[in-house]
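Okay, here's what each chain looks like letter by letter:
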Amino acid sequence: MEILDLPPSQASRLVPLLQELHALHVEHQPARYPAAPSDAALEQWLQGWLQEDAITALIAESPQGALLGYTIFGIEHRPPLPIRFEETRVMVHHIATAKAFRRMGVGQALLTAVKQRAEAEDVSTIATTYAPFNSASAGLFEGLGLQPVVTMAEWRA
(Lines give C-alpha, C1' and ligand atoms only; values in the text may rest on other atoms or scores of the structure.)
Protein backbone atom coordinates (compact mmCIF):
# COMPACT_ATOMS: atom_id res chain seq x y z
CA MET A 1 0.00 0.00 0.00
CA GLU A 2 1.19 3.47 -0.88
CA ILE A 3 -0.09 6.77 0.56
CA LEU A 4 -0.33 9.43 -2.14
CA ASP A 5 -1.57 12.98 -2.54
CA LEU A 6 -4.69 13.14 -4.67
CA PRO A 7 -4.84 16.13 -7.03
CA PRO A 8 -8.22 17.89 -7.34
CA SER A 9 -8.46 16.75 -10.97
CA GLN A 10 -8.83 13.15 -9.70
CA ALA A 11 -11.62 13.90 -7.22
CA SER A 12 -13.88 11.46 -9.08
CA ARG A 13 -11.86 8.57 -7.61
CA LEU A 14 -13.26 9.42 -4.17
CA VAL A 15 -16.92 9.49 -5.16
CA PRO A 16 -17.76 5.77 -4.67
CA LEU A 17 -16.29 5.73 -1.15
CA LEU A 18 -17.90 9.07 -0.33
CA GLN A 19 -21.29 7.75 -1.51
CA GLU A 20 -20.89 4.77 0.84
CA LEU A 21 -19.82 6.97 3.76
CA HIS A 22 -22.63 9.43 3.12
CA ALA A 23 -25.23 6.63 2.93
CA LEU A 24 -24.17 5.52 6.41
CA HIS A 25 -24.81 9.02 7.72
CA VAL A 26 -28.17 9.24 5.94
CA GLU A 27 -29.17 5.86 7.40
CA HIS A 28 -28.49 6.99 10.96
CA GLN A 29 -29.42 10.68 10.70
CA PRO A 30 -31.84 11.15 7.76
CA ALA A 31 -33.08 14.53 9.01
CA ARG A 32 -29.56 15.90 8.82
CA TYR A 33 -28.30 14.63 5.45
CA PRO A 34 -29.86 14.64 1.97
CA ALA A 35 -30.20 11.15 0.53
CA ALA A 36 -28.49 10.00 -2.66
CA PRO A 37 -26.57 13.01 -3.97
CA SER A 38 -25.54 12.51 -7.58
CA ASP A 39 -22.03 11.39 -8.41
CA ALA A 40 -21.62 14.49 -10.59
CA ALA A 41 -22.59 16.84 -7.74
CA LEU A 42 -20.19 15.11 -5.35
CA GLU A 43 -17.35 15.21 -7.87
CA GLN A 44 -17.89 18.90 -8.55
CA TRP A 45 -18.04 19.71 -4.83
CA LEU A 46 -14.95 17.62 -4.02
CA GLN A 47 -12.96 19.11 -6.87
CA GLY A 48 -13.72 22.66 -5.71
CA TRP A 49 -12.97 21.82 -2.08
CA LEU A 50 -9.69 20.11 -2.91
CA GLN A 51 -8.57 23.19 -4.86
CA GLU A 52 -8.48 25.19 -1.62
CA ASP A 53 -4.92 25.86 -0.48
CA ALA A 54 -5.38 24.52 3.04
CA ILE A 55 -7.16 21.28 2.02
CA THR A 56 -5.35 18.03 1.21
CA ALA A 57 -6.62 14.63 0.12
CA LEU A 58 -4.49 11.55 0.66
CA ILE A 59 -5.32 8.16 -0.77
CA ALA A 60 -4.17 4.68 0.10
CA GLU A 61 -3.55 2.80 -3.12
CA SER A 62 -2.77 -0.87 -3.74
CA PRO A 63 0.23 -1.89 -5.86
CA GLN A 64 -2.30 -2.53 -8.66
CA GLY A 65 -3.68 1.03 -8.41
CA ALA A 66 -6.91 0.22 -6.56
CA LEU A 67 -8.23 2.84 -4.15
CA LEU A 68 -8.17 1.34 -0.64
CA GLY A 69 -9.22 4.46 1.24
CA TYR A 70 -8.89 8.21 1.52
CA THR A 71 -8.74 11.06 3.97
CA ILE A 72 -9.34 14.77 3.52
CA PHE A 73 -7.83 17.21 6.00
CA GLY A 74 -7.03 20.86 6.31
CA ILE A 75 -4.78 23.13 8.29
CA GLU A 76 -6.77 25.66 10.30
CA HIS A 77 -5.36 28.77 11.92
CA ARG A 78 -7.54 29.82 14.86
CA PRO A 79 -6.86 33.25 16.35
CA PRO A 80 -6.73 33.78 20.10
CA LEU A 81 -9.96 34.71 21.83
CA PRO A 82 -10.48 35.84 25.40
CA ILE A 83 -11.83 32.33 26.05
CA ARG A 84 -9.49 30.24 23.87
CA PHE A 85 -5.79 30.09 23.06
CA GLU A 86 -4.52 30.67 19.54
CA GLU A 87 -3.76 27.47 17.70
CA THR A 88 -2.96 25.97 14.36
CA ARG A 89 -4.41 22.53 13.96
CA VAL A 90 -4.98 19.84 11.41
CA MET A 91 -8.68 19.11 11.04
CA VAL A 92 -9.51 15.68 9.60
CA HIS A 93 -12.74 16.16 7.68
CA HIS A 94 -13.22 12.74 6.04
CA ILE A 95 -11.78 9.29 6.29
CA ALA A 96 -13.13 6.25 4.48
CA THR A 97 -11.86 2.78 3.71
CA ALA A 98 -13.19 0.49 0.99
CA LYS A 99 -15.32 -2.25 2.52
CA ALA A 100 -13.05 -5.07 1.33
CA PHE A 101 -10.03 -3.49 3.04
CA ARG A 102 -11.46 -2.53 6.43
CA ARG A 103 -9.67 -3.66 9.58
CA MET A 104 -6.45 -4.09 7.58
CA GLY A 105 -4.65 -0.92 8.69
CA VAL A 106 -5.67 1.35 5.80
CA GLY A 107 -7.28 4.00 8.02
CA GLN A 108 -4.38 3.83 10.44
CA ALA A 109 -1.87 4.28 7.60
CA LEU A 110 -3.78 7.31 6.32
CA LEU A 111 -3.96 8.92 9.76
CA THR A 112 -0.29 8.19 10.40
CA ALA A 113 0.48 10.08 7.18
CA VAL A 114 -1.72 12.97 8.36
CA LYS A 115 0.15 13.03 11.67
CA GLN A 116 3.50 13.07 9.84
CA ARG A 117 2.30 16.00 7.72
CA ALA A 118 1.21 17.83 10.87
CA GLU A 119 4.59 17.28 12.49
CA ALA A 120 6.39 18.43 9.31
CA GLU A 121 4.37 21.67 9.45
CA ASP A 122 5.13 22.01 13.19
CA VAL A 123 1.45 21.57 13.99
CA SER A 124 0.91 19.81 17.31
CA THR A 125 -2.88 19.43 17.33
CA ILE A 126 -5.05 17.12 15.24
CA ALA A 127 -8.82 17.38 15.55
CA THR A 128 -11.84 15.75 13.96
CA THR A 129 -15.54 15.23 14.39
CA TYR A 130 -17.42 11.97 14.00
CA ALA A 131 -21.00 10.88 14.54
CA PRO A 132 -21.92 9.01 17.73
CA PHE A 133 -23.01 5.95 15.72
CA ASN A 134 -19.63 5.69 14.00
CA SER A 135 -17.74 3.45 16.40
CA ALA A 136 -15.21 2.54 13.69
CA SER A 137 -14.10 6.17 13.39
CA ALA A 138 -14.11 6.59 17.15
CA GLY A 139 -11.79 3.60 17.55
CA LEU A 140 -9.51 4.68 14.72
CA PHE A 141 -9.05 8.18 16.11
CA GLU A 142 -8.65 6.91 19.67
CA GLY A 143 -5.90 4.61 18.39
CA LEU A 144 -4.06 7.69 17.12
CA GLY A 145 -4.41 9.29 20.55
CA LEU A 146 -7.34 11.63 19.87
CA GLN A 147 -9.72 11.92 22.81
CA PRO A 148 -13.20 13.51 22.83
CA VAL A 149 -13.12 17.03 24.28
CA VAL A 150 -16.48 18.49 23.20
CA THR A 151 -19.94 17.03 22.72
CA MET A 152 -22.17 18.71 20.15
CA ALA A 153 -25.93 18.35 20.42
CA GLU A 154 -28.69 19.41 18.01
CA TRP A 155 -32.43 19.86 17.92
CA ARG A 156 -34.14 19.73 14.53
CA ALA A 157 -37.76 20.58 13.87
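A short tour of the structure in this document, coming up. Here the structure is a predicted model, which means the values were calculated and not measured.

## What about the side chain of Ser137?
Mapping Ser137 onto the fold places it in helix α4 (residues 135-143). Given a relative accessible area of 12%, Ser137 falls into the buried group. Once residues within four sequence positions are removed from consideration, Ser137 is found in contact with Ile95 and Tyr130.

## Thoughts on helix α3 (residues 106-120)
In an α-helix, one turn spans 3.6 residues, which is why side chains three or four residues apart end up on the same side. For α3, built from 15 residues, the straight-helix expectation of 21 Å at 1.5 Å per residue is met to within 8% by its first-to-last C-alpha distance of 21 Å. Looking at the buried residues of α3, the elements they touch are β1 (2-5), β2 (55-61), β3 (67-78), β4 (87-97), β5 (126-128) and α4. Phi turns positive one or two residues past the end of α3, at Asp122, with a value near 60°.

## Details of the sheet that holds β4
An order of β1-β2-β3-β4-β5 is seen for the 5 strands of this open sheet, with the pairing classed as mixed. The open sheet has two edge strands with one neighbour each: β1 and β5. When strand polarity is set aside, the average angle formed by the axes of neighbouring strands in this sheet is 30°. Where β4 and β5 come together, 3 bridges link them in parallel fashion.

## A few points about the packing of helix α1 (residues 15-28) against helix α2 (residues 39-50)
Two elements in contact, α1 and α2, have axes whose closest approach is 10 Å; the angle formed by their N-to-C orientations is 105°. When the axes of α1 and α2 are compared, the pair comes out roughly perpendicular. Side by side, α1 and α2 meet where Val15, Leu18 and Gln19 of the first sit next to Asp39, Leu42, Glu43, Trp45 and Leu46 of the second. A class-by-class count of the residues in the contact of α1 with α2 yields 5 nonpolar, 1 polar and 2 charged.

## What about unusual backbone geometry?
Even without being a glycine, Ala36 presents a positive backbone phi close to 50°. Examined against the element boundaries, Ala36 turns out to sit in the loop between α1 and α2. Despite not being glycine, Arg103 shows a phi value in the positive range, around 60°. Of note, Arg103 is situated in the loop between β4 and α3.

## What to know about the nonpolar core
Ranked by size, the top nonpolar core spans 19 residues in total, and within it Leu14, Leu46, Leu50, Tyr70 and Ile72 carry the most contacts. Elements that contribute at least two residues to this core include exactly α1, α2, β2 and β3. Other than its neighbours up to four places away in sequence, Tyr70 contacts Leu14, Leu17, Leu18, Leu21, Leu58, Ile59, His94, Ile95, Ala96 and Leu110. Grouped together as the second largest cluster of nonpolar side chains are 17 residues, Ala60, Leu68, Val123 and Leu144 included.

Calculation criteria
Residues numbered from 1 in each chain as written. Predicted model: local features only at pLDDT ≥ 70, side-chain atom pairs only at ≥ 80, totals over all residues. Heavy atoms only, no water. Helix = DSSP H or I, 4+ residues; strand = E, 2+ residues; numbered from the N terminus. Buried < 20%, exposed > 50% of the residue type's maximum accessible area, 1.4 Å probe, protein only. Contact = heavy atoms within 4.5 Å. Expected span 1.5 Å × (residues − 1). Pairing = 2+ DSSP bridges. Axes fitted to C-alpha atoms, helices over the stretch in contact; angles between N-to-C directions. Parallel < 35°, antiparallel > 145°, perpendicular 65-115°, else oblique. Nonpolar A, V, L, I, M, F, W, Y, C, P; charged D, E, K, R; others polar. Core = buried A, V, L, I, M, F, W, Y, C linked by side-chain atoms within 4.5 Å.

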